[in-house]
Structure formats: structure tokens, C-alpha cells
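Structural description and commentary
Given next are the chains, with one letter for each unit.
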Amino acid sequence: MLLVVTAVAAERDSAARGLTAPGGGDGDTGAGVQHPLPGDRTALRLTGGPLGTVDLLAAGVGPAAVAAGTAAALAAAEAAGTPYDLVISAGIGGGFAPAAPVGSVVVADAIVAADLGAETPEGFVPVTELGFGTTRHLPPPGLSRAAARAAGAGHGTVLTVSTVTGGADRARELADRHPTALAEAMEGFGVAEAAAAHRVPVLEVRAVSNPVGPRDRAAWRIGDALAALGDAFRAMVPVLQEAKDHG
Ligand SMILES: O=C(O)c1cccc(C(=O)CC[C@H]2O[C@@H](n3cnc4c(=O)[nH]cnc43)[C@H](O)[C@@H]2O)c1
């Protein structure tokens, strides 16, 4: 079973459209059915396509909301005896120029919490250097590479931040600290923490709606990014099917 976790319903519906589009999923999946989850949550459940059962959950904005939603979905599926075997964090995101322009798609080869740490006189120190936890989850390399290739996407680090970058200085600081970063968003690390706790592999897919940099809300291309996200899911179906059928 596949679990796709987004922040908002528009992202969930774009992914579902891709998974049910001709050439992507099987047309029999239709619009899906509501699948109740613990804690007043509901997933959209698709069945009958090449990927078998796919649950799509819009779990809220930010790492805490999606960590809670993902953990609830994973625990419920395990308790029902039908555990998920892959979780995908998906949605729109900011792209680092010039590698990830607006309208492009990025598949994460690493999912990194960029602001989980402490400010010190010497600068930012990640929690790992303070002796706690982790700041990085690694998707299965072969699967993430194949997914990126199928989607025509960039393959690089996706940062998780709790505050959308809004200035050139912050964008430069993040790029300096994470030279392989292609995109930032607000959920991937939360989804990945929950997946890791259940020993389930994770992917992150981001369609770029805006550049990482000075805030210019009017320039965000959310509709284009949602369309690109759906196209990416459609293109990734054969790769996800191969992973499902052959581990
Ligand atoms: O400020 C606004 O008017 C506004 C309107 C719509 C959405 C927002 C968001 O902040 C959306 C955050 C949401 O989208 C992802 N996202 C998209 N671009 C970025 C980014 O450059 N940096 C971080 N996150 C981004 C994020 O994953 C959230 O789910 C604001």
C-alpha cells in the first residue's frame, strides 16, 4: 500500500489526478472514496489501479501537522494488518535558482531539516551536533533516482523549513549550508520522521511554485506547480508499480 501525504487538499487532488490519469494509473480508480483515519482525519483512497491501494492524506501545513497525520495513518494501517510499504511527501515548494526553476519538479535524494538546531555566536548548529536526533532522512537511492528520471525532475536535497524563506540573505545562507539543495518546503522532514519510526521508506516530490528568495507572493505560480505535480505523479506510476511488484 502507498501513502501520499500533502499539506493541503489542492496538492492531494493533483497527485490523485496524476495517479488516475490515462497513462498513469488505471481509469478504474475513479475519484476514490473517503477512508477514515484516527483523530478526525480522512484519506482519499484509490483502489483498482496498477499501484493497488493508494491513500492520499492532506495533513496540514508544516512538519508537526504532517508528522502527526502520517504517524496516525501508518499506525492505523499496521493495526488493520495492511501496512503501507512506501510513503511519499508531496506538494509545491520553493526552488533554488538556477537549478530548480518555477514549474520544474524535484525528487529528494535527501530530506533535510534545515532549521532544527540552535543559533550560537558561531552561527547555526544542527541538533545532531548538539547530541540529539537527526536532521536528515535518505530515500531509497535507486527508487528516488528512477522516480526523478521518469518525472523529468531534478534529483537533490529538499530542505524542510518552518518559515518560508523571504529574503536573499536567508536564501544564500541556506544554499551555502546545503550546497546540494534544490528546493525547500515545510513538510518533508515531518513525514520522513514518522515513516522512519515505522521503518517505512519515504520519497519527497516537490513542484516548484516560487523561487527561494525575496518574498514576491504575486509571482507564485501555484496553479502551474499543481499541474506539474500531477504530471509528475502520472509519469512516476510505472516506477512505483515496479517498486511495489519487485520490492
Ligand atoms: O503568503 C501567502 O500569501 C501564501 C499563500 C499561499 C500559500 C502560502 C504558503 O506559505 C504555502 C506554504 C506551503 O507551500 C509549500 N511551499 C511553497 N513554496 C514554499 C517555499 O518557498 N518555502 C517553503 N514552503 C513552500 C510548503 O510546503 C507549505 O505547505 C503563503
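Residues numbered from 1 in each chain as written. Predicted model: local features only at pLDDT ≥ 70, side-chain atom pairs only at ≥ 80, totals over all residues. Heavy atoms only, no water.

**Here we look at the overall build of the protein**
Scanning the protein from N- to C-terminus turns up six helices and twelve strands. Radius of gyration (C-alpha) of the protein: 17 Å, near the 18 Å computed for a compact globule of 247 residues. Taken along its principal axes, the extent of the C-alpha atoms in the protein is 55 × 35 × 35 Å. For the protein, buried positions account for 50% of its 247 residues. Look at the contacts in the protein between residues 6 or more apart in sequence, and 74% of them connect residues 24 or more apart. (Helix = DSSP H or I, 4+ residues; strand = E, 2+ residues; numbered from the N terminus. Rg over C-alpha atoms; globule rule 2.2 N^0.38 Å. Buried < 20%, exposed > 50% of the residue type's maximum accessible area, 1.4 Å probe, protein only. Contact = heavy atoms within 4.5 Å.)

**Things to note about the UniProt feature "domain: Nucleoside phosphorylase" (unreviewed entry) in the protein**
The UniProt feature table records "domain: Nucleoside phosphorylase" (unreviewed entry) at residues 53-217. The straight-line gap between the two end C-alpha atoms of residues 53-217 is 37 Å; of that span, 29% is helix and 35% is strand. (UniProt positions renumbered as here; feature names shortened; annotations may be inferred.)

**What about the environment of G133?**
Examined against the element boundaries, G133 turns out to sit in the loop between β8 (123-126) and β9 (136-137). The sequence separation of G133 and T157 amounts to 24 residues, and the corresponding C-alpha distance is 19 Å.

**So, the environment of T128**
Note that T128 resides in the loop between β8 and β9. When the C-alpha positions of T128 and L116 are compared, they lie 9.0 Å apart, and in sequence the two are twelve residues distant. For T128, the contacting residues outside a window of four places in its chain are G133, T134 and T135.

**Points about the site of the ligand**
Taken together, 15 residues are adjacent to the ligand, and E184, E187, N210, R215 and R217 come closest. Measuring from a nitrogen atom of the ligand, one finds a side-chain N or O atom of E184 at 2.5 Å. Note that an oxygen atom of the ligand is positioned 3.5 Å from one of the side-chain N or O atoms of R206. Considered on its own, the ligand offers 600 Å² of accessible surface; in the complex 78% of this is hidden by protein. Counting residues per element, the ones that place at least two in the shell around the ligand are β5 (86-95), β11 (181-185) and β12 (202-211). The residue makeup of the shell around the ligand, split by class, is six nonpolar, four polar and five charged. (Near = heavy atom within 4 Å. Polar contact = N/O pair within 3.5 Å; in protein donor to acceptor, adjacent residues only side chain to side chain. Areas by Shrake-Rupley, 256 points an atom, 1.4 Å probe, with all protein chains shown as cover. Nonpolar A, V, L, I, M, F, W, Y, C, P; charged D, E, K, R; others polar.)

**Considerations on the pattern of salt bridges**
The full count for this structure, using the stated rule, is nine salt bridges. Across the salt bridge formed by E187 and R206, the nearest N and O atoms sit 3.3 Å from each other. Highlighted residues: E187 in the loop between β11 and α5 (188-197) and R206 in strand β12, separated in sequence by 19 residues. Pair check on accessibility: E187 and R206 agree, each one buried. (Salt bridge = Lys/Arg side-chain N within 4 Å of Asp/Glu carboxyl O.)

**Some remarks on the packing of helix α1 (residues 9-20) against helix α6 (residues 222-246)**
α6 packs onto α1 with a crossing angle of 35 degrees between their chain directions and a minimal axis gap of 7 Å. Crossing of α1 against α6: the hand is right-handed. Of the residues in α6, those touching α1 at A10, E11, S14, A15, G18 and L19 are L226, L229, G230, F233, R234 and V237. Its residues assigned to classes, the contact of α1 with α6 shows seven nonpolar, three polar and two charged. (Axes fitted to C-alpha atoms, helices over the stretch in contact; angles between N-to-C directions. Left-handed = near helix turned anticlockwise from the far one by under 90°.)

**Regarding the nonpolar core**
V4, L56, I88 and F233 are the most contacted members of the largest nonpolar core, which totals 34 residues. Top contributing element to this core by residue count: α6, with ten residues. If sequence neighbours within four positions are ignored, L56 has contacts with V4, R12, A15, A16, L19, A43, L44 and L46. Grouped together as the second largest cluster of nonpolar side chains are 29 residues, A43, L57, A113 and V158 included. (Core = buried A, V, L, I, M, F, W, Y, C linked by side-chain atoms within 4.5 Å.)

**Remarks on helix α3 (residues 141-151)**
Of the residues making up α3, those classed as buried are L143, S144, A147, A148 and A151. For α3, the angular spread of the buried residues around the axis is 130 degrees, confining them to a single face. Away from its buried face by more than 90 degrees, α3 exposes P141 and R149. On its buried side, α3 packs onto β5, β6 (105-113), β10 (154-160), β12 and α6. Count one or two residues on from α3 and you reach G152, which has phi positive near 65 degrees. (Arc of directions from axis to C-beta.)

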